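Single-letter residue listing:
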Amino acid sequence: SHLEEKTQWEHPKSGKRKRVAGGLPYGWEQETDENGQVYFVDHINKRTTYLDPRLAFTVEDNPVKPTTRQKYDGNSTAMEILQGRDLSGKVVIVTGANSGIGFETAKSLALHGAHVILACRNMSRGNDAVQRILVEWHKAKVEAMTLDLASLQSVQHFAEEFKSKNVPLHILICNAAVFGAPWCLTEDDLESTFQVNHLGHFYLVQLLEDVLRRSSPARVVMVSSESHRFTEIKDSSGKLDFSLLSPSKKEYWAMLAYNRSKLCNILFSNELNRRLSPHGVTSNSVHPGNMIYSSIHRNWWVYTLLFTLARPFTKSM
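What comes next is a walk through the structure. (Residues numbered from 1 in each chain as written. Predicted model: local features only at pLDDT ≥ 70, side-chain atom pairs only at ≥ 80, totals over all residues. Heavy atoms only, no water.)

## Observations concerning the overall build of the chain
A count of helical and extended segments in the chain gives nine helices and eleven strands. When burial is assessed residue by residue, the chain has 39% of its 317 residues classed as buried. Sequence-distant contacts in the chain: of pairs separated by 6 or more residues, those separated by 24 or more amount to 67%. (Helix = DSSP H or I, 4+ residues; strand = E, 2+ residues; numbered from the N terminus. Buried < 20%, exposed > 50% of the residue type's maximum accessible area, 1.4 Å probe, protein only. Contact = heavy atoms within 4.5 Å.)

## Concerning the environment of T32
Along the polypeptide, T32 turns up in strand β2 (residues 28-32). Sequence spacing of T32 and Y50 is 18 residues, and the spatial spacing of their C-alpha atoms is 9.9 Å. Residue contacts for T32: discarding those within four places in its chain leaves Q37, V38 and Y39.

## Regarding the pairing of strand β6 (residues 91-95)
Looking along a regular strand, one sees side chains alternate from face to face of the sheet. Within β6, five of the five residues are buried, which leaves it mostly tucked inside the rest of the structure. Burial along β6 is two-sided: the residues V91, I93 and T95 and V92 and V94 are all buried. Here five bridges tie β6 to strand β7 (residues 115-120), and the two strands are oriented parallel to one another. Looking at the pairing, V92 lines up with V116 of β7. Following the backbone out of β6, through helix α3 (residues 100-110) and into the adjacent parallel β7, one traces a crossover that is right-handed. Pairing analysis gives three bridges linking β6 to strand β9 (residues 171-174), with the strands arranged parallel. Bridged to V94 within β9 is I173. (Pairing = 2+ DSSP bridges. Right-handed = clockwise from strand over helix to strand, strands pointing away.)

## A few points about the sheet that holds β2
The antiparallel open sheet is built from three strands, whose spatial order is β2-β3-β4. At either margin of the open sheet sits one strand with a lone partner, and together these are β2 and β4 (47-49). Strand-to-strand twist in this sheet, taken as the mean axis angle between neighbours without regard to direction, amounts to 30 degrees. The pairing of strand β3 (residues 38-42) with β4 spans three bridges and is antiparallel. Across the sheet, F40 pairs through a bridge with T49, a residue of β4. (Axes fitted to C-alpha atoms, helices over the stretch in contact; angles between N-to-C directions.)

## Topic: the nonpolar core
Within the largest apolar cluster, 30 residues are counted, with the highest numbers of intra-cluster contacts made by I93, F158, F162, L169, L172, L208 and V220. Elements supplying a minimum of two residues to this core: β6, β7, α5 (152-163), β9, α6 (192-214), β10 (218-223) and α8 (254-276). If near-sequence neighbours (up to four positions away) are discounted, I93 is found in contact with I117, A119, F158, F162, L169, I171, L172, I173 and L208. Among the nonpolar cores identified, the runner-up in size contains 23 residues, and F103, L109, A140 and V221 belong to it. (Core = buried A, V, L, I, M, F, W, Y, C linked by side-chain atoms within 4.5 Å.)

## A short note on the sheet that holds β6
A sheet is described by the order of its strands in space; here six strands give the open sequence β8-β7-β6-β9-β10-β11, paired in parallel fashion. Across the chains shown, the open sheet's two edge strands, defined by having one partner strand only, are β8 (141-146) and β11 (281-286). For this sheet the average axis-to-axis angle between neighbouring strands, irrespective of direction, equals 15 degrees. Contacts between α5 and the sheet are confined to β6, β7 and β8, with β8 contributing the most and set at about 145 degrees to the helix. Helix-sheet contacts for α6 involve β6, β9, β10 and β11, and the interaxial angle to β9 is about 175 degrees.

## What to know about unusual backbone geometry
With omega at 5 degrees, the peptide bond leading from S216 into P217 counts as cis. Among the secondary structure elements, P217 is positioned in the loop between α6 and β10. The phi dihedral of K46 is positive, around 55 degrees, even though this residue is not glycine. Positive phi is not limited to glycine here, since N166 has a value of about 55 degrees. Structurally, the position occupied by N166 is in the loop between α5 and β9.

## Focus on the packing of aromatic side chains
Describing an aromatic ring pair means giving the distance of the ring centres and the angle of the ring planes. Enumeration according to the criterion identifies three aromatic pairs in this entry. Geometrically, the ring pair formed by F179 and Y258 is edge-to-face, given 4.8 Å between the ring centres and 85 degrees between the ring planes. Of this pair, F179 sits in the loop between β9 and α6 while Y258 sits in helix α8, and the two are 79 residues apart along the sequence. Sitting above the plane of the F103 ring, R132 keeps its charged end 3.9 Å from the centroid. (Phe/Tyr/Trp six-rings, centres within 6.5 Å; stacked < 30°, edge-to-face > 60°. Lys NZ or Arg CZ within 6 Å of the ring centre and 35° of its normal.)

## Quick notes on the side chain of D33
Structurally, D33 can be placed in the loop between β2 and β3. With no salt bridge to any partner, buried D33 finds its closest opposite charge in R54, at an N-O distance of 16 Å. Contacts of D33, omitting those with residues within four sequence positions, involve Y39 and Y50. (Lys, Arg positive; Asp, Glu negative; His and termini not counted. Salt bridge = Lys/Arg side-chain N within 4 Å of Asp/Glu carboxyl O.)

## As for the pattern of salt bridges
For the structure shown, the criterion picks out eleven salt bridges. The salt bridge partner of E29 is K139, with a shortest N-O separation of 3.0 Å. Placement of E29 in strand β2 and of K139 in the loop between α4 (123-136) and β8 is noted, with a sequence separation of 110 residues between them. R213 is paired through a salt bridge with E209; the nearest N and O atoms lie 3.4 Å apart. On the criterion of helical spacing, the pair formed by R213 and E209 is a turn pair, its members being four residues apart in helix α6. Salt bridges sharing common partners tie together E104, K107 and E136.

Quick look at the structure:
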């Protein structure tokens, strides 16, 4: 309104009203000058303004709530979905967070105020990932901790080190995985794909269950895959066949091993939710999308070629 020199929130004809909602956009901070007037700083583009940037994202009072399908689609990014959410005070663990989906997840949560722990097998890469997040926002609360899911002892040490911090745990994202890996046994004498993708995470959740329950409301997220549909873990009589979970070299096929591990993720997530949801801890499994171009295909050149050819038609990180 140029007459009153202030923002007009009610439409003169329709009577619709708008209001500012949510937090400031990513990269913005609110400050107060020496005269007590509020102004806003855009740290990304290095500029200052007295105009609230949230005016670009005003919402109607009493709007019709859109469905999830209308609100988000295959082009939605994590930053868009978290827009306006304040995760300050929340503690999150993301396994395999130094690259790919894990890194994007950890970064998005950290940039919205969460204290994020990057649980990585390679500490050098984990620390590099931390620095990449800090470059985007120097106030981000991020740290890397060693977690090798191919070693149950490493999982135990990680859980003990985390508990020694005496902090809550609001979100545990079991993201780390291997795909197309050649047959090999871990130090625990288990097939590596099964242990890294499922059993290591299973053990981690068991060790941290008490912290999750004390931190409720809390959640566990298992990053699974639609490929869980293309396998079976039961024998001809309909009983669980343990030999299929950790097969011998002769019976091993990388794709089937991956599919079985992802099926185990979902079965575990469903049962975990049944047991812990009465205590304020929910568990969900998620399919992140078909053939997202991450580094998961690095174990075999054939998969790398396939992912490269399909890249123009799939979601980017």
